[in-house]
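# Examining the three-dimensional arrangement
Here is what each chain is made of, one letter per residue.
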Amino acid sequence: MAAKLNSVWRTLKRIWQLWLFYAKLDLLLLISDVRLALIYFSSELLTSIGSVIGLLLLAQRFDGIGTWTLNHLYVLLGYSTLVLGILNTFFNYNLSLISRRIGRGQLDHVLVQPQPLWMIFITEGFAPLSGLMGLIPGILLFAWGLIGLGVSLDLGWWALLVLNLFASGTIMMSFNYIWGSLAFVAPRSSEEISSSASRLLDQLKVYPLDGLGGLLLGSLMTVAPVGLVAWYPVRALLGLNSSAWSIWITPLAALFMLGIALFCFLKGLGYYATTGSQRYSSLGHRS
Amino acid sequence: MIENGLGQQTIIRRGRWTRRLAKYAKTASMAASGYIGDSPLFMFDYVMRVLRVLVLLSIWRIVLSEEGASGLSLQAVLTYTLISEVFFSQLNPRTSMEDAFWQGTIAGRMAQPLGLFEQFTSETVGRWFFEWCCFSIPLVLISPLLGVNVLPASLGAGLLFIVSLLLAVSVGLALEYIFCALLVIWQLPLWVMLQIRSAFITLLSGAMLPLAFLPDLVGEIFSWLPFASMASAPLQIYVGAGNTLLLVLLQVFWSALLWPLAHWLWFKGREGMISYGG
Amino acid sequence: MPPQVHNATAHSDIVVELQDVHKVFRQRQRSSRLSETIRHMFKPRIREVRALQGVSMQIRRGEIVAYAGPNGAGKSTTIKLLSGLLAPNAGRVRALGFDPINERVQYVKRIGVVFGQRSELWYDHPVAASYEWKRVVWDIPQDRFARTQKRLIEVLGLEEFFHSLARELSLGQRMRAELGLALLHEPELLFLDEPTIGLDVLSKRMMLDFVKELNRKQQVTVMITSHDMAELEQLAGRMVMIDHGKVAFDGPFEQLRQTMSDGRRLIIETSDETAPSLEGAELIESQARRHEYRFDASQIKIVDLLNQAAKQTSIIDVETVRAPIDEVIANIYQSWRKPKEVLELEEAL
C-alpha cells in the first residue's frame, strides 16, 4: 500500500515538475518577442470576443433569446469561453487537435520520449500564459452574468462548477480524439478532422438549444455533444432544469466519452504501430 | 484564312486566352480531384455544416415572430441563413495561399508559368465545384424538409444576386490576398493572421448574423465596410432587402479599390515573401 | 564468425538483434481518372508493399554499422522498428535487451535517434530551451547534463547559435544541434537515419568525425544510413546492404569491393597525346597527354597493362587508384535491377 502511495506521489510530483517546465517554456516564448506576444494576446482576445459577440449583440437587440435573459446568456457565454480557455491552457501545441499530429506523422516525436503517452498528453500542451486571453473574457462574462442574476452561491456550487467545466472540456477533448483517431487510418484526409470536430462544438456551443426538435436535440446531446459543452451544464448550474441530479449528467457523460476516446485512440495507436506513418509534414514539429 | 495582320493578331490572342483558360481549368480540376484522393472523410465537415445550419434555423424560429424584425420576415431570415451556408465558400473565399506560406512552398509556386493570384484562384474555384456537387446542391434540395423557401425574392433579385455574388467573390479574394500580403510584410505567424481574419469576417461580413439585426449604429457602420460586400450585400439582394443599387455600387467600389491595393502590397512584400516561404 | 548470442541482453555484447523480421505495408493505389478516383473512395485498391522480408542481423556493442540500400529498400523501416516506432508483422526485434515496442519507455531512455529530415528541436524556441526540455523529460541529473551539454557545445560548435531560434538555423547548424540533442542523455545506441542529407562537405566531415570519436571514446554503438557511400566507408567498418527488403550483403567494405570486382583506375601520362589502346582496360577519359583507364585487377595485372602501353608510346608517369566506392555500389544496385536471366547469363559467360 505504502509503495503504491509512493508511486502515485512520485507520478503527481512528476506531472507538477513537467507543468512547471512547460509553463516556463511558455513564458520564454512570450517574453522572447514582445511584439509577437502582444499580437498573440490581441488575436486570442479578438477570437474569444469574436466567438461570443454575435450572440451577445443579437441578445441585446432582442432582449434575450427565448427564455434566456441577457444575464443568463452572459453566464452561458462566459462558461463556454472558459471551457475553450481551459482546453487552450492545458492542451496547446495541437494536443487537443490531435489529428494534426497524427496526420502529419509527428506522433513519432512523442513515441521517442521516455514517458508514458498519457503523461506526455496531459503535460506537453500546458501553456498557462498563452491560454490566459481565453480565460479572462470567460471569467469576466461569467461573473457579470452571475452578479446580474443576483444568486447566492455556496462552496459546493463552486466545486460543482469546476467539476462541470472540466467535464465539458473533457467532452470536447474526447470528441476531438474520437474523430482524430481516424487520422491513424487516413492521415492526409483526416489531418484536420479534429479541427473540424472542434469547430463544430466551438461554433455551436454558445447557442441556447431549448427550442430544438427532439431528434436534433438528441443528436446534439450525444453524437455531436454540443449541448454538453455549455448549454446543459449551465442550465443545471443555474437551476433551470427540473431535476437537481442534472448537474451530474455532464461529468458522467464526460467519463463515458473519455472511455470511448481512449478505446478509439488505443485502437488507432495499435494500427500506427503496425503501419507507421508514410507521411511526414515538417510544419514545425510541435506546431 | 488569315487575311490581314489584325485578323492574325486576333486569332493569336484568342489562342493565348484559350491556352490560359486551359491552364486555369487544369489547375482547378487538379484541386477538385485532389479532395477525393484519400477517403470520404472530408464529408465530415459537410455534416457539421448541416448541423450548424439546423441550429441556426431553430434559433431564428425562437427569436423571431412570423413578421420578423428590422424589415426582414422570419422566412426571409431563414432563406438568408440557408443561402449563406449554400454559398459559404464563395462568401468567405479562402485560397490555399496561407498553407503555401506555412509549408514554405510559395517560392516553388513562383516557378510556375502562371501568376500567383491566378494559380490560387483557379485552385479555389476548382474546390468550389466539388463542394457545390457534394454539399451545396444537396442542401438546396433538402431545404423544403427544413421548412425553408430557398427561392430568391424575385427573378430580378435572383439575377442580380449572381452579379452581386461575383462581386462578393472579387472583394473576398482581394481581401484574402491583402491578408496574405500583410502576413508577409508584418512577418506575422500564420495562425495569428487566421485568427484575426476569422474573428473579423465572422462578425463583420453578415454571413452568420444579418447586419440589420445588430444594434442600430453598429449595424450601419458595419454595412459600409468591405467585409459587408463579401456576404451581407448578395444575401440581402437575394431575399429582396436593402437598396440593391447601392449595395452593388458599394461592391464595385470596394472591388476597384482593393485589387490595386492587393497588387501594390504584393509588389511591396515580394522580397519578404520569398524569405517567409523559405 | 562472431559468437551466436540469441538473446540480446544488457550484459551481452550483442546490442541489436533482428531475427527473420517481416514488415508489410498496405498502400492505397490512386488513379488520375476522376471516375476511378470516386470508385476507389468506396472500394479502395490496395497494394501490399513488402518493406522487409526476413531480415536478420546482429550488431555488437561498439560497432559502427553502415546500413545502405537503394531508395525504398527498407532502411528507414528498419530504423523505425529499432526506435520503437513500428512493430514487425513477424519476426523478433530486440535491442539492448528490450522489446522496443512493449518496453518503449525504458528503452528510449538508452537510445538516441536522429532523422535527417525531421526535427526534434522546438521550432519556436532557442536551441538551449530544447536542450533544457530534454533534461527535464529524460530526467537527466543536473550535473551530468551540465557536463554533457558543455562538451557537446564545444565539440559540435554550437556556441554561436545556441541561443538562436531553431527555425532560424541553417541546415548544417540544425543538424549539429539535432545530433547534440540526441546525445544529451548519453545513449548507448545511436540510430542515424540520413543525418548528413543536404549538408555541405565541411559540415558532413565535422559530423562524421564527431560520431567516430564518440564511438571510439565512449563505445557508443552506431547504426547509420546514408546514400553517400564514401562517407559510410570513412565511418563504418561494417556494411549491411538491403535490397527489396532482404539483406543482400553483410560484411566489411573490403569484402564488398571484392564481391563485385576489384575495380581500379590506371592513369598514365605519355609523351604524346594519343591514348594507347589497352586490352583488358577501358579508356574513360583522355586529356592532353593524361589518360585514365578502368580495369578489373582480379582479371588483368597492372604490369601487363603497362607493358601494352610501353609498346605503343613512352610512359612519363603512372598512377593507380581504387575505384570510388560509389561506383562499386552503383554497379551493385545496377546488378540488382537486372533481370535474373541476364545475371545468370553473365555468370555463365
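Refer to the preceding data block for the structure.
The paragraphs below set out a description of the structure included in this document. Quantities reported herein were computed from a predicted structural model and do not represent experimental measurements.

Cut-off values and rules
Residues numbered from 1 in each chain as written. Chains lettered and ligands numbered in written order. Predicted model: local features only at pLDDT ≥ 70, side-chain atom pairs only at ≥ 80, totals over all residues. Pairing = 2+ DSSP bridges. Helix = DSSP H or I, 4+ residues; strand = E, 2+ residues; numbered from the N terminus. Axes fitted to C-alpha atoms, helices over the stretch in contact; angles between N-to-C directions. Contact = placed C-beta atoms within 7 Å. Expected span 1.5 Å × (residues − 1). Bend = angle between axes of the 7 residues up to and from the residue. Nonpolar A, V, L, I, M, F, W, Y, C, P; charged D, E, K, R; others polar. Core = buried A, V, L, I, M, F, W, Y, C linked by C-beta atoms within 7 Å. Buried ≥ 20, exposed ≤ 12 C-beta atoms within 10 Å, placed from the backbone. Domains from an automatic or database assignment.

## Some thoughts on the sheet that holds strand 3 (residues 64-68) of chain C
Residue and element names in this part refer to chain C. Overall, mixed pairing links the 6 strands, which are arranged 5-6-7-3-8-9 in an open sheet. The two strands at the open ends of the sheet, each matched to only one other strand, are strand 5 (111-115) and strand 9 (246-252). Each neighbouring strand pair of the sheet contributes to a mean axis angle of 15 degrees, computed without reference to strand direction. By the bridge criterion, 6 bridges tie strand 8 (residues 238-243) to strand 9 in an arrangement that is antiparallel. In the sheet register, Asp 243 faces strand 9, and the bridge partner there is Lys 246. Running at roughly 160 degrees to strand 5, helix 6 (residues 171-183) makes contact with strand 5 and strand 6 (189-193) of the sheet.

## Let's talk about helix 2 (residues 34-62) of chain A
Residue and element names in this part refer to chain A. Over its 29 residues, helix 2 runs 41 Å from end to end, which matches the ideal 42 Å to within 8%, given 1.5 Å per residue. The axis of helix 2 is deflected most strongly, by about 40 degrees, at Ile 53. Of the residues trailing helix 2, Asp 63 is marked for its positive phi of about 55 degrees.

## As for the interface of chain B and chain A
Across the contact, 31 residues belong to chain B and 31 residues belong to chain A. Residue assignment for the side of chain B that touches chain A shows that the elements contributing at least two residues are helix 2 (43-63) and helix 9 (190-204) of chain B. Of all the elements, helix 2 of chain B adds the most residues to the side of chain B that touches chain A, at 12 residues. Residue classes in the side of chain B that touches chain A are distributed as 22 nonpolar, 5 polar and 4 charged.

## Side note on the sheet that holds strand 4 (residues 90-95) of chain C
Residue and element names in this part refer to chain C. With antiparallel pairing, the 3 strands of this open sheet are ordered in space as 2-1-4. Both edges of this open sheet fall to strand 2 (45-60) and strand 4, since each of them pairs with a single strand only. Taken over all neighbouring pairs, the strand axes of this sheet differ in orientation by 30 degrees on average, direction set aside. Direction of pairing for strand 1 (residues 14-29) relative to strand 4: antiparallel, over a ladder of 5 bridges. Its bridge partner lying in strand 4, Gln 19 is registered against Arg 92.

## Some remarks on the nonpolar core
Residues Leu 76, Val 83 and Ile 171 of chain A, Ala 168 of chain B together with Ala 66, Ala 95 and Ile 224 of chain C are the most contacted members of the largest nonpolar core, which totals 217 residues. A total of 16 residues in this core trace back to one element, the largest contributor, which is helix 8 (residues 155-185) of chain B. Residue-level mapping places this core at the junction of two domains, with at least three residues from each of domain 1 (14-110 + 187-256) and domain 2 (261-337) of chain C. The contacts of Ala 168 of chain B, once residues within four sequence positions are left out, are Gln 90, Leu 91, Ser 229, Met 230, Ala 231, Ala 233, Pro 234 and Gln 251 of chain B. Ranked by size, the runner-up nonpolar core spans 8 residues in total, among them Leu 266, Ile 268, Phe 295 and Leu 305 of chain C.

Read these as geometric descriptors, not functional statements.
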